[in-house]
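Fold and geometry: a report
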2 protein chains.
Amino acid sequence: MSKPLILVTNDDGITSKGIASLISVVKEIGEVFVVAPDSPNSGMGHAITVDSTIHIKKSNIFGDIDAYECSGTPADCVKLAKHHLLKGRKIDLVVSGVNHGHNASISVIYSGTMAAAREASIEGISAVGFSIDDFHYDADFSHTMPFIRKVCEATIKNGLPKHRALNVNFPKKSEEPIKGMKVVRQTNGFWKEEFDAREDPHGRPYFWMGGEFINHEPESQDTDVWCMENNYVGIVPCKTDMTDYEAIETLKGWKF
Amino acid sequence: MSKPLILVTNDDGITSKGIASLISVVKEIGEVFVVAPDSPNSGMGHAITVDSTIHIKKSNIFGDIDAYECSGTPADCVKLAKHHLLKGRKIDLVVSGVNHGHNASISVIYSGTMAAAREASIEGISAVGFSIDDFHYDADFSHTMPFIRKVCEATIKNGLPKHRALNVNFPKKSEEPIKGMKVVRQTNGFWKEEFDAREDPHGRPYFWMGGEFINHEPESQDTDVWCMENNYVGIVPCKTDMTDYEAIETLKGWKF
């Protein structure tokens, strides 16, 4: 049997430690093809490049592994791989990450890492986004390796329900080993922003966005944030249909 | 009773015809405050500016109406308005658009227009994104006006369920008057991309993304695409929790 074809991308860019760590795992279980942004794309959400051109360049930073760096967004990378670079070939799995910084709770919406996985799921390809609760460029990914392998193997074997992607978040490396993996749901929470207002040398205002995460349900144990904070790997299956079916009934009662 | 405070934004930029049309309606029903991108942000998805600075400038293009142009994304505009420019004030409604081009079906995920509305819903503010099935810069918005007013008034009066935003799509202007409004769901479909591969003057490859929309359920009459194609206004309530609760049970049966 031929090896499964695994497309790898991320949002921190092709030179990040996270994507190298991910490739080191998936090259053991499949044929790897890499298309990743040529520069950091953090917070890129599900952006796509529709009003300008997209550029790619072959890269040899992963040795024998086929790799391209791309001027586009994480979602662009998946589209370009599927519809151009790998046109006609069946992609068995798309993996994205490992992201430097978690994508639990509402961060799934801002995340370029998860946009790439979601884009693959829109195309009907099984996909997983991996992230770690550590923003450091030199974050320690060693504890994530065996779990990444297990999740990828199980996803290839079982296949995900159509138009679904997994959002997998790891705790930061600590003394204590990871306690296990849990299938959970997206935590209800948000980022409360603080804007750091400054003045440029010409006296014009500008801002840095910052803020803190507010967890609306810190006691709930079936959530991705709880997993991360309690040294579990949290796995959330995500879908692409954003319709709130309950609210349809509510709105039908409105008098417009 | 004081007038409701309405924040207006979009993704086509502050100089687009769509936002001017939207403002001309909502200024009749509330106090209007505008924060919109200083350049087009189509396809921006739910991107936010975390790794660079955000710049704003007061604008007088809407006469007496308070308006700012912002270097950030549509989601940034909402965050900056809520947490800085309007800090301490209660925003009663956020409206985004009118987008030149529809955001029905899967386009809701790529849309900066809907990201702005979704961002407001994350903050607990009632929000509506408006889009029209006409990409032309000089699109005719006249038929959308009475419906925009009805949707805004009903949303202010009833309030949306928490963390919900409305995705409202209008058909292109035609001879036939609009038949009415329907509360529907997101169509199951996707954009099948075609990449137009070219060479730059230095012989390096580059691409333009293009493609066609594939509707997986053209017969379904309870969808946003059906509405648009049959001269109805389609209203889809959207949520921010992307968890697929059914898939949680499926995945719990996997052997990792």
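Scoring rules and cut-offs
Residues numbered from 1 in each chain as written. Chains lettered and ligands numbered in written order. Predicted model: local features only at pLDDT ≥ 70, side-chain atom pairs only at ≥ 80, totals over all residues. Heavy atoms only, no water. UniProt positions renumbered as here; feature names shortened; annotations may be inferred. Helix = DSSP H or I, 4+ residues; strand = E, 2+ residues; numbered from the N terminus. Pairing = 2+ DSSP bridges. Axes fitted to C-alpha atoms, helices over the stretch in contact; angles between N-to-C directions. Least-squares fit on C-alpha atoms with pLDDT ≥ 70 in both. 1 Å grid on protein atoms, 1.4 Å probe; cavity = no way out; pocket = protein on both sides within 12 Å on 5 of 7 lines; lining within 4 Å. Points joined across faces, edges and corners; volume = space filled by probe spheres on them. Nonpolar A, V, L, I, M, F, W, Y, C, P; charged D, E, K, R; others polar. Buried < 20%, exposed > 50% of the residue type's maximum accessible area, 1.4 Å probe, protein only. Contact = heavy atoms within 4.5 Å. Polar contact = N/O pair within 3.5 Å; in protein donor to acceptor, adjacent residues only side chain to side chain.

The next subject is the UniProt feature "domain: Survival protein SurE-like phosphatase/nucleotidase" (unreviewed entry) in chain A. According to UniProt, the "domain: Survival protein SurE-like phosphatase/nucleotidase" (unreviewed entry) feature falls on residues 6-192 of chain A. Taken as a whole, residues 6-192 of chain A contains 27% helix and 27% strand, while its terminal C-alpha atoms sit 37 Å from one another.

This paragraph deals with the sheet that holds strand S4 (residues 66-70) of chain B. Pairing between the strands of a sheet is mediated by backbone hydrogen bonds and can be parallel or antiparallel. One open sheet accounts for 11 strands, arranged S9(A)-S10(A)-S3(B)-S4(B)-S2(B)-S1(B)-S5(B)-S6(B)-S7(B)-S11(B)-S8(B); its pairing is mixed. The open sheet has two edge strands with one neighbour each: strand S9 (189-199) of chain A together with strand S8 (180-183) of chain B. In this sheet, adjacent strand axes meet at a mean angle of 25° when their direction is disregarded. The sheet contact formed by S8 of chain B and strand S11 (residues 232-239) of chain B spans four bridges and is parallel. If you follow Met-181 of chain B over to S11 of chain B, its bridge partner there is Val-233 of chain B.

Time to look at the relation of the copies chain A and chain B. Mapping chain A onto chain B leaves a residual RMSD of 0.0 Å; the transformation is a rotation of 180° accompanied by 0.0 Å of translation along its axis. Within this description, the copies of the chain are treated as partners about a two-fold rotation axis.

As paired strands, strand S10 (residues 205-215) of chain A and strand S3 (residues 54-59) of chain B are joined by two bridges and run antiparallel to one another. Each bridged residue has a counterpart across the sheet, and for Tyr-206 of chain A the counterpart in S3 of chain B is His-55 of chain B. Across four bridges, the pairing between S3 of chain B and S4 of chain B is antiparallel. Considered in S4 of chain B, the bridge of Ser-59 of chain B is made with Ala-67 of chain B. Counting the residues between successive antiparallel strands, the hairpin from S3 of chain B to S4 of chain B contains six residues, one of them, Gly-63 of chain B, with a positive phi of roughly 65°.

Each pocket or cavity is described by its volume, and for the largest pocket that value is around 560 Å³. Surrounding the largest pocket, 25 residues form its lining, Ser-42, Gly-43 and Phe-135 of chain A together with Ile-48 and Val-50 of chain B being those nearest its centre. Counting only elements with at least two residues in the lining of the largest pocket, the list comes to strand S5 (93-100), helix H3 (107-110), S9 and S10 of chain A. In terms of residues, the lining of the largest pocket owes the most to one element, S10 of chain A, which gives three residues. When the residues that make up the lining of the largest pocket are grouped by side-chain class, the tally is eight nonpolar, 12 polar and five charged.

As a further point, take the UniProt feature "binding site: a divalent metal cation" (unreviewed entry) in chain A. All names here are of chain A. With numbering matched to this structure, UniProt assigns "binding site: a divalent metal cation" (unreviewed entry) to Asp-11, Asp-12, Ser-42 and Asn-99. What stands out for the annotated residues spanning 89 residues is how close their C-alpha atoms remain, the widest pair being 8.9 Å apart. Within the annotated group, the residues that form the lining of the largest pocket are Asp-11, Asp-12, Ser-42 and Asn-99. Positionally, Asp-12 belongs in the loop between strand S1 (5-9) and helix H1 (17-26). Since its relative accessible area comes to 13%, Asp-12 is described here as buried. When residues no more than four places from it in sequence are discounted, the contact partners of Asp-12 are Ser-39, Pro-40, Ser-42, Val-98, Asn-99 and His-100. Engagement of the side chain of Asp-12 in a polar contact is seen with the side chain of Ser-42, the distance being 3.3 Å. Since its relative accessible area comes to 6%, Asn-99 is described here as buried. The residues touching Asn-99, leaving out its near neighbours within four places in the chain, are Asp-11, Asp-12, Thr-113, Phe-130, Ser-131 and Ile-132. In terms of polar contacts, Asn-99 uses its side chain to reach the backbone carbonyl oxygen of Gly-101, at 2.7 Å.

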